Amino acid sequence: MKQSALLLTDSDFVPVGAALSAIRGFQDLGEDDLLVITRALQLTGQLPFEPASLSVIVFASKSLELPGEQWFEDVIRVLKPGGTIVIQTFLPVADHGDKPSSALERKLLFAGFLEVHLIDMKSVLQPEDTTLLLTMKAKKASWVVGSSFSLKKRVLPKIQIEDELDLIDEDSLLTEEDLKKPELPPVGDCEVGSTRKACKNCTCGRAEEEQKVQKLALTSELLDNPKSACGSCGLGDAFRCGTCPYRGLPPFQLGEKVSLSGSFLAADI
Amino acid sequence: MGLERSRRLLVLYGSQTGTAQDAADRVGREAVRRGCPSVDVLSVDEFDARLLPSEDVVIFVVSTTGQGDMPDSMKEFWKFLLQKNISDQWLEHVHYAVFGLGDSAYQKYNFAAKKLDRRLLNIGGKPLVQKGLGDDQHRSGYEGAFDLWLSSLWNALHEKDPMLLPRSIDNLDASTQCLDSPKFEVIFHSINEMVATGTSTLSDLNCAKNLIGKVRSMSLGKSHYKRPQYLLQLITNQQLIKSDADADVRHLEFESSSSDLRYQVGDVLEVLPAQDPDAVEAFIRRANLDPDCYITVRPKVIGKHHDSSADMSTPPVKLRTFVELAMDVASASPRRYFFEVMSFFASAEHEKEKLQYFASPEGRDDLFQYNQKERRTVLEVLEDFPSVQLPFEWLVQLAPPLRTRAFSISSSPLAHPDQVHLTVKALTWTTPFKRKRSGLCSNWLAGVVPRKGVPIPAWIHGGCLAAPPPSEPLILVGPGTGCAPFRGFVEERAAQKAEGAAVAPILFFFGCRNQEKDFLYRDFWVSHAQDGGVLAAGSGGGFFAAFSRDQVHKVYVQHKMKEERKRVWRLLSGGAAVYIAGSSAKMPADVVTALEEIVAEEAGLDSEAAGRWLRRQRAGGIFIEAWS
């Protein structure tokens, strides 16, 4: 189809003059530019147009019901970026104190249209009673919108995608179970205990303190004159008990003053 | 089909930071110890997915990244597997098993492994065992689940195919355990050989780039950055936060030595940090080697698996240079296998015992406490076990590779041609044993003196934030250093506006702790929020800041967004793109929830419909860059 403008109606017939003047309100029409489709809602499948090929679509509806989500998506598909949609319809029954036009406004917004607003336009189908008639206009985004970016996708421009392969939806691979919020892992019964065992001849007091699990204080006394009958304290963290007062310090020699390296927080002393 | 079946155990890993690779290496080693005649361990991006059906047994080890995604190295492979036209019998002759590495603090826990496992099943694969899920939140990290899963895997494989796995248990008696063979060989060159080639100095830029590339190629795998795209010079180093605050954030400006910088806003700058020369020196001395001797390092060629990418004619380099550029000696922590190998080279009995204990399942938790939680460095470990003398080729294999660090670029090339800016927080933290640790790259950058010092190897690539066209309205959310890329966005749009382009409004939400202390780039945002600026409220945009600690109750960016719900809704329904950036991994989810709530309220929808509209149905995408 080479046309750039489309008049859709669910009515069986539409007066040509009204159709032409409706479209001309939005763009100039050459001889071959306009296509009219009547009984539009009975079309099976998609509108017979290439994607992004139409500049204007006017839909004149005689029913009180609005078309479904798929119809709006199809309209977006065939409209050029920056293209215009105009829907003239009778006011659907308002509920919840909504403005009568709200339902249509919402549908347009959700399909991704911009600048949705009411306009004045002569009625196309020329019904007898025009009190409930309204006309709404909206635009398709004028910048090119790429494939939908959902939260889960990262954009990696470096990866060359050769052809657009037909892919399954990866989220469909997850079950209810998979989607449940994970619980923090329990302490497994097959776990070996993580508490450090006291040295064989521990003098730091761990052997006595097993039940209380207290870290012993590191005093300046201990720093000046380090003591360790078990001999392990000076060997470094790999060999110290969990409550060793020297834990966190580098290895040292017994009998020499322990130097606190710059990377140790001496808040306790 | 006529495809020759390869009788081997294939281990494929999808690794982001090297953890999955280490786990995969362990699978390979354990298979060999149980008599497997043929094992290969490869990254998924080194394997052609089309050849999967001809494999007998494939073990997958895959990490899930923060947003529930596959690792980058796995994206193409995964895309291939997702094709609709793959039959449900495609892998009918392939036995497989999946182990995932993830973090249960995230909603999308181990999504990569879960999806992969199900997909493999759906296309005909025969699972050997149930998928294993490793969890960072576990007391001993992923190894908690890994040990058990591996045992069940070996039992199942031994039953299914005893030719491929003759023994299901390893000989657990430590005294009879054999040392494996190292992966690398190191050739030491005599002085005479070196006279002809001469030494490369860093004065010639191309030479320098080639040198760095060659050195890093010697021991690093395919996925690491090798030859630098740029050698950058730091020209400005400015503190953004008052020095009495407990954080240090720097504004850094760089030039390229060859004036060839090409980038877009939203791109990422990847930098190779320099290590402390004293630490490098101490490490080399501890290894009993001469820093000035010349070496060549290359993978050991074992039978059929020839790494053809190793350049056999690479000129030798100084040992010191190799260590500086390729081996992380004073920052990253080694893995369990390091301790296992060390035990073979310990001459003191108590050290040998301790190392064997650390490498055993019983010692796993204690190792995790001592090593991973304390961020014990290679140098520190070697100093704690003074009787261990590791041959250098083992050190090359086991020391963590020196990794590049990535930062969001905070400038626009329109506003600063030939320059690239970064906003970097110098990270410090305290370990459970009260040791102070600091991030290698951020602290090194904070200390670089402008226009002095060696050129900095760097790469630029796209990140998660696509550069927006000027006519697209924007909602930007960037608390803390998350504001970095958006400084670039604002600079760019202001420059485009000045050139006469029609620009759409920007609505920016910033957050920090205290208005007086850490309000990064305050003057910059304020100036662009004046009338006529790209952040001006009058044009439909705006600039709003949340100061979390300036009052008794916490105020974050999402609260400010809710306050400005009308403004947000107007832009969202106008097709604005949403960009979220920051260093908190949970913040993006909180922000998106706030957006959904705004949509639900303003449009009169339930939260599910609001979410659907926000993500898929409206014009304008959502882009998230979250770093940890």
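Parameters and conventions
Residues numbered from 1 in each chain as written. Chains lettered and ligands numbered in written order. Predicted model: local features only at pLDDT ≥ 70, side-chain atom pairs only at ≥ 80, totals over all residues. Heavy atoms only, no water. Helix = DSSP H or I, 4+ residues; strand = E, 2+ residues; numbered from the N terminus. Rg over C-alpha atoms; globule rule 2.2 N^0.38 Å. Areas by Shrake-Rupley, 256 points an atom, 1.4 Å probe, with all protein chains shown as cover. Lys, Arg positive; Asp, Glu negative; His and termini not counted. Charge placed at Lys NZ, Arg CZ, Asp CG, Glu CD. Salt bridge = Lys/Arg side-chain N within 4 Å of Asp/Glu carboxyl O. Domains from an automatic or database assignment. Core = buried A, V, L, I, M, F, W, Y, C linked by side-chain atoms within 4.5 Å. Buried < 20%, exposed > 50% of the residue type's maximum accessible area, 1.4 Å probe, protein only. UniProt positions renumbered as here; feature names shortened; annotations may be inferred. Contact = heavy atoms within 4.5 Å. pLDDT = per-residue confidence, 0-100. Phe/Tyr/Trp six-rings, centres within 6.5 Å; stacked < 30°, edge-to-face > 60°. Lys NZ or Arg CZ within 6 Å of the ring centre and 35° of its normal.

Within chain B, the regular secondary structure consists of 20 helices and 22 strands. By the compact-globule yardstick of 25 Å for 628 residues, chain B fits well, its C-alpha radius of gyration being 27 Å. When its C-alpha atoms are laid out on the principal axes, chain B stretches across 75 × 60 × 50 Å. Accessible surface for chain B amounts to roughly 25800 Å². Of this, 50% is attributable to carbon and sulfur atoms. Side chains of chain B give 74 positive and 78 negative charges; the mean places of these two sets differ by 3 Å.

The next point concerns the pattern of salt bridges. Per the stated rule, a full pass over the model turns up 43 salt bridges over all chains. In this structure, the salt-bridge partner of E170(A) is K115(B), at a minimum N-O distance of 2.9 Å. Taken as a pair, E170(A) in the loop between β6 (133–139) and α4 (176–179) and K115(B) in helix α3 (residues 111–122) lie in two separate chains rather than in one. A salt bridge links E602(B) to K566(B); its shortest N-O distance comes to 3.1 Å.

One can read the domain layout of chain A as domain 1 (5–139) and domain 2 (214–261). Computed from C-alpha coordinates alone, the two centres of domain 1 of chain A and domain 2 of chain A are separated by 82 Å.

A few words now on the nonpolar core. In this structure, L108(A) and F113(A) are the most contacted members of the largest nonpolar core, which totals 55 residues. If you tally residues by element for this core, the top one is helix α19 (residues 587–603) of chain B, at eight residues. Core analysis: the second largest hydrophobic core is formed by 54 residues, A279(B), V323(B), V329(B) and F339(B) among them.

In the Ramachandran plot, A52(A) falls in the positive-phi region, its phi being about 55° despite a non-glycine side chain. With respect to the helices, strands and loops of the structure, A52(A) is situated in the loop between β2 (34–37) and β3 (54–60). You will see that N288(B), though not glycine, has its phi angle at about 60°, which is positive. Its place among the elements puts N288(B) in the loop between α7 (277–286) and β11 (294–299).

Turning our eyes to something else, we now look at the UniProt feature "binding site: [4Fe-4S] cluster" (unreviewed entry) in chain A. All names here are of chain A. Per the UniProt annotation, the sites labelled "binding site: [4Fe-4S] cluster" (unreviewed entry) are C230, C233, C241 and C244. Summarising the element assignment, C230 is placed in the segment after α6 (220–224). Residue placement: C233 occurs in the segment after α6. Assessed through its relative accessible area of 5%, C233 is described here as buried. Not counting residues within four places of it along the chain, the set of residues in contact with C233 comprises S228, R240, C244, Y246 and F252.

With that out of the way, let us pick up the side chain of S408(B). Along the chain, the position of S408(B) falls in strand β13 (residues 405–408). Setting aside residues up to four positions removed in sequence, S408(B) forms contacts with D267(B), H421(B), L422(B), A484(B), P485(B), E625(B) and W627(B).

This next bit is on the confidence of the model for chain A. Residues and elements named next belong to chain A. Averaged over every residue, the pLDDT of chain A is 73; the share at 70 or more is 69%. Within chain A, no element has a lower average pLDDT than helix α5 (residues 206–209), which sits at 53, and none a higher one than β3, at 91. Segment residues 187–196: pLDDT under 50, and 22 contacts once partners within four positions in sequence are set aside and those in other chains are kept. Long-range and interchain partners of residues 210–214, a stretch whose pLDDT sits below 50, account for three contacts in this model, where long-range means more than four residues apart.

Take the packing of aromatic side chains next. Residue and element names in this part refer to chain B. In this structure the tally under the stated criterion is 31 aromatic pairs over all chains. Measuring from centroid to centroid gives 6.2 Å for F519 and F543, while their planes differ by 25°, and the two rings are stacked. Within this pair, whereas F519 is found in the loop between β19 (506–512) and α16 (522–528), its partner F543 is found in strand β20 (residues 542–547), the two being separated by 24 residues in sequence. Positioned above the aromatic ring of F358, the side-chain terminus of K354 is 5.8 Å from the ring centre.

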